[in-house]
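Single-letter residue listing:
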Amino acid sequence: MPKRDFAYMEGQREQIAKAALECLIENGVAETALRDICKRAGVSIGALYVHFPTKEDLILAACALDNEEYQFNPIPNTWAEFEAAMTKMFAHLRTARQLKRMRLALQFTANLAVSGNAPVGLFENYRIRLSSLRKVVECLKANGEITAPMGVDATTTALFNFVIGTNYTWVASQI
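Note that the coordinates shown come from a computational prediction; the quantities given were computed from them, not determined experimentally.

Focus: the packing of aromatic side chains
- This model, assessed by the stated rule, comprises four aromatic pairs.
- Aromatic pair tryptophan 79 and phenylalanine 82: ring centres 5.1 Å apart, planes at 50 degrees, arrangement tilted. A residue pair is termed a helical-turn pair when its members lie 3 or 4 positions apart in one helix, as tryptophan 79 and phenylalanine 82 do in helix H5 (residues 79-93) at three residues.
- In this structure tryptophan 79 comes out as partly exposed when scored by relative accessible area, which is 35%.
- Using a relative accessible area of 4% as the deciding quantity, one classes phenylalanine 82 as buried.
- Plain terms: the ring middles of tyrosine 126 and phenylalanine 160 are 5.3 Å apart, the flat faces sit at 85 degrees to each other, and that makes the pair edge-to-face. With tyrosine 126 in helix H7 (residues 122-142) and phenylalanine 160 in helix H8 (residues 152-173), this pair connects stretches of sequence that are 34 residues apart.
- Using a relative accessible area of 30% as the deciding quantity, one classes tyrosine 126 as partly exposed.
- With a relative accessible area of 12%, phenylalanine 160 lands in the buried category.
- Members of the aromatic cluster, joined through ring pairs, are Phe72, Trp79 and Phe82.

Brief notes about the environment of alanine 30
- The residue alanine 30 is located in the loop between helix H1 (6-27) and helix H2 (34-41) in this model.
- Taking relative accessible area as the criterion, alanine 30 reaches 71% and is therefore assigned exposed.
- Sequence separation between alanine 30 and phenylalanine 108 is 78 residues; the distance between their C-alpha atoms is 9.5 Å.

Focus on the packing of H1 against H2
- In the contact formed by H1 and H2, the axes pass within 8 Å of each other and the chain directions differ by 125 degrees. With respect to H2, the axis of H1 lies oblique. Crossing of H1 against H2: the hand is right-handed. Seen from H1, the contacting residues are Gln15, Ile16, Ala19, Ala20, Glu22, Cys23 and Glu26; seen from H2, they are Asp36, Ile37, Arg40 and Ala41.
- For the contact of H1 with H2, the per-class residue count stands at six nonpolar, one polar and four charged.

Details of the nonpolar core
- Ranked by size, the top nonpolar core spans 26 residues in total, and within it Ile16, Leu24, Ile37, Leu48, Leu58 and Leu104 carry the most contacts.
- Listing elements by their share of this core, those giving two or more residues are H1, H2, helix H3 (45-51), helix H4 (55-64) and helix H6 (96-115).
- In terms of residue count, the dominant contributor to this core is H1 (eight residues).
- Not counting residues within four places of it along the chain, the set of residues in contact with leucine 58 comprises Ile16, Ala17, Ala20, Leu34, Ile37, Leu48 and Phe52.
- Counting residues in each nonpolar core, the second largest holds 20 residues, with Ala148, Val152, Phe160 and Trp170 among its members.

Structural notes on the pattern of salt bridges
- Taken as a whole, this structure holds six salt bridges when the rule is applied.
- As a salt-bridge pair, glutamate 22 and arginine 97 come within 2.7 Å of each other at their nearest N and O atoms. In this pair, glutamate 22 is assigned in helix H1 and arginine 97 in helix H6, connecting sequence segments 75 residues apart.
- Judged by its relative accessible area of 27%, glutamate 22 falls in the partly exposed class.
- Three or more residues are tied together by salt bridges with common partners; here these are Arg134, Glu138 and Asp153.

How each quantity is defined
- Residues numbered from 1 in each chain as written.
- Predicted model: local features only at pLDDT ≥ 70, side-chain atom pairs only at ≥ 80, totals over all residues.
- Heavy atoms only, no water.
- Phe/Tyr/Trp six-rings, centres within 6.5 Å; stacked < 30°, edge-to-face > 60°.
- Helix = DSSP H or I, 4+ residues; strand = E, 2+ residues; numbered from the N terminus.
- Buried < 20%, exposed > 50% of the residue type's maximum accessible area, 1.4 Å probe, protein only.
- Axes fitted to C-alpha atoms, helices over the stretch in contact; angles between N-to-C directions.
- Parallel < 35°, antiparallel > 145°, perpendicular 65-115°, else oblique.
- Left-handed = near helix turned anticlockwise from the far one by under 90°.
- Contact = heavy atoms within 4.5 Å.
- Nonpolar A, V, L, I, M, F, W, Y, C, P; charged D, E, K, R; others polar.
- Core = buried A, V, L, I, M, F, W, Y, C linked by side-chain atoms within 4.5 Å.
- Salt bridge = Lys/Arg side-chain N within 4 Å of Asp/Glu carboxyl O.

Put into C-alpha cells, the structure is as follows:
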C-alpha cells in the first residue's frame, strides 16, 4: 500500500469529521454508530481510528468544523454594529439545522459531564470561540463603547456564557 502524504491524511480526517457532523446532526450522539460515519465518509473503521482514537475525539472534531460561524468578521467597532452582528448570529442560530446542531452540543456536553473525561482539544475549541468575542470586547472598550469594569477577560467570559445560555434556553423551549 502506498504511503499517505500529509495532505491526503488531513483531507481524510476532515472528510470523516464532516461525515460525523452530518450523522450526529441527523441522529444525535447516542444513535450515531461509528459504522454509519464510516459509510458516509467512505472509509474503513481502521481509517477512522487512525484519525480519532475515541468517539469523543471524533465528535469534538466534528463540532469544531463550524467554528468560523462564531467568528466576528469584521470586528464590530460600535455597540450598534455589535448588536447588529449578534442579531444576525441569533437569526442564523434559529434555523432548523442550527437547532439540531445546538441539541448535539447539549448532548455532547451532557455525555462529557457524566463521563468526567474531556477529550484532548476540548478547551482549544472553547478558546477559539471565546477569542473572537474577546477581540470584539477589546475593540468596543478601546473605542469607548463599553467600560468593562470587570476586565476584558471576565467581561468576555460573562458575555459568552450569556450568549450560550440564551441559545440553550431557546433550544430547550423548542422541545
